Each structure stands twice: as C-alpha cells, then as structure tokens.
Amino acid sequence: MVALYASFTAPLLQIFDTPNLGIDLCGRTSTGKTRALQLAASVWGRPDENAHNPALHTWDMTKVAIERTCATASDL
C-alpha cells in the first residue's frame, strides 16, 4: 500500500513545494515487489509492460526511449 500511496503524492510535491521522496522496495524473490510496482503504476496508466504505451517499463530500453520517457513524466 505504501507504493500506491506514494504514487498519488507525485502531483502534490510541486503544489506543496516539498522535495521528492524515494521508496526502496526490496526483499527476497517472489514477495510481491513487481506486483506493488504494477499497483502503483496503475494510478497513471497501464501497468502491463507489454501493452502499448505502458506506465511501467522494463530495463531493456534505448537511451532515446529513456530520455523521452523522462521528459514526458518530468513532474512525476
């Protein structure tokens, strides 16, 4: 639930002039880390990495794709 709540805070950071925060989802394998990220990504779009224009991406991206994604989501 922390990942979901943190996802909702992104647009409020600029409004309240607060610094960004980071959350570390760590743990053993098969403990739900990916599901927590998918839940948090569902706030902003499709959490399926294989869908068209997903909100959650894999690490297998080109530098240009990473730059474009960062530019699109600069305030998130």
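The structure this text deals with has already been given above.
Keep in mind that what you see is a predicted model, and the values were worked out from it rather than measured.

A. Structural detail: the overall build of the protein. A tally of regular secondary structure across the protein gives 3 helices and 0 strands. Element order for the protein, N to C, with α for helix and β for strand: α-α-α. Dimensions of the protein along its principal axes, counting C-alpha atoms only, are 35 × 30 × 20 Å. Looking at the protein as a whole, 14% of its 76 residues are labelled buried. Nonlocal contacts in the protein, meaning residues at least 24 apart in sequence, comprise 31% of its contacts between residues at least 6 apart. Approximately 6400 Å² of the protein is accessible, and the part contributed by carbon and sulfur atoms is 58%. Between the mean site of the 6 positive side-chain charges and the mean site of the 7 negative ones, the protein shows a separation of 9 Å.

B. Geometry of helix 2 (residues 33–41). Gln-38, Ala-40 and Ala-41 are the residues of helix 2 that are buried. Relative to the axis of helix 2, the buried residues are bounded by an arc of 160° and lie together on one face. Those residues of helix 2 hidden inside the fold are in contact with helix 1 (2–15).

C. Region of interest: unusual backbone geometry. If you check the backbone angles, Asp-17 has positive phi at about 50° while not being a glycine. By the element assignment, Asp-17 lies in the loop between helix 1 and helix 2. According to the relative accessible area criterion, Asp-17 is exposed, its value standing at 70%. A positive phi angle, close to 60°, is found at Ser-30, a residue other than glycine. Within the fold, Ser-30 resides in the loop between helix 1 and helix 2.

D. Spotlight on the side chain of Gln-38. As for its placement among the helices and strands, Gln-38 is situated in helix 2. Residue classification places Gln-38 among the buried positions, given a relative accessible area of 19%. A polar atom in the side chain of Gln-38 sits 2.6 Å from the side chain of Arg-35. With sequence-adjacent residues up to four places away left out, Gln-38 is seen in contact with Pro-47 and Leu-56.

E. Up close: the environment of Leu-13. For Leu-13, the location among the structural elements is in helix 1. Apart from the residues within four sequence positions on either side, Leu-13 is in contact with Thr-18, Pro-19, Asn-20 and Leu-21.

Each value, and the rule that gives it
- Note that residues are indexed from 1 along each chain, following the sequence as it is written.
- Totals for whole chains, interfaces and linings use every residue, but because this is a predicted model, local features are given only for residues with pLDDT of at least 70 and side-chain atom pairs only at 80 or more, for both listing and counting.
- As a convention, hydrogens and water are excluded, and side-chain values are obtained from all of the structure's heavy atoms.
- Numbering of helices and strands runs from the N terminus; a helix is a DSSP stretch of H or I covering at least four residues, while a strand is a stretch of E covering at least two.
- The rule is simple: take the accessible area with a 1.4 Å probe, protein chains only, and divide by the maximum for that residue type; under 20% is buried, over 50% is exposed, in between is partly exposed.
- Contacts: residue pairs with any heavy atoms within 4.5 Å of one another.
- Surface exposure here means Shrake-Rupley accessible area, sampled with a 1.4 Å probe, where a residue is shielded only by the protein chains that are shown.
- A residue counts as positive if it is Lys or Arg and as negative if it is Asp or Glu; His and the chain ends are not included.
- To locate a charge, the coordinates of NZ of Lys, CZ of Arg, CG of Asp or CD of Glu are taken.
- By definition, the arc is the one covered by directions from the helix axis to the C-beta atoms.
- Whenever a nitrogen or oxygen atom comes within 3.5 Å of another N or O atom, the pair is scored as a polar contact, on the condition that within protein one atom can donate a hydrogen and the other can accept it, and that pairs from neighbouring residues in sequence are kept only if both atoms are in side chains.

Remember, this is a structural readout, not a statement about activity or role.
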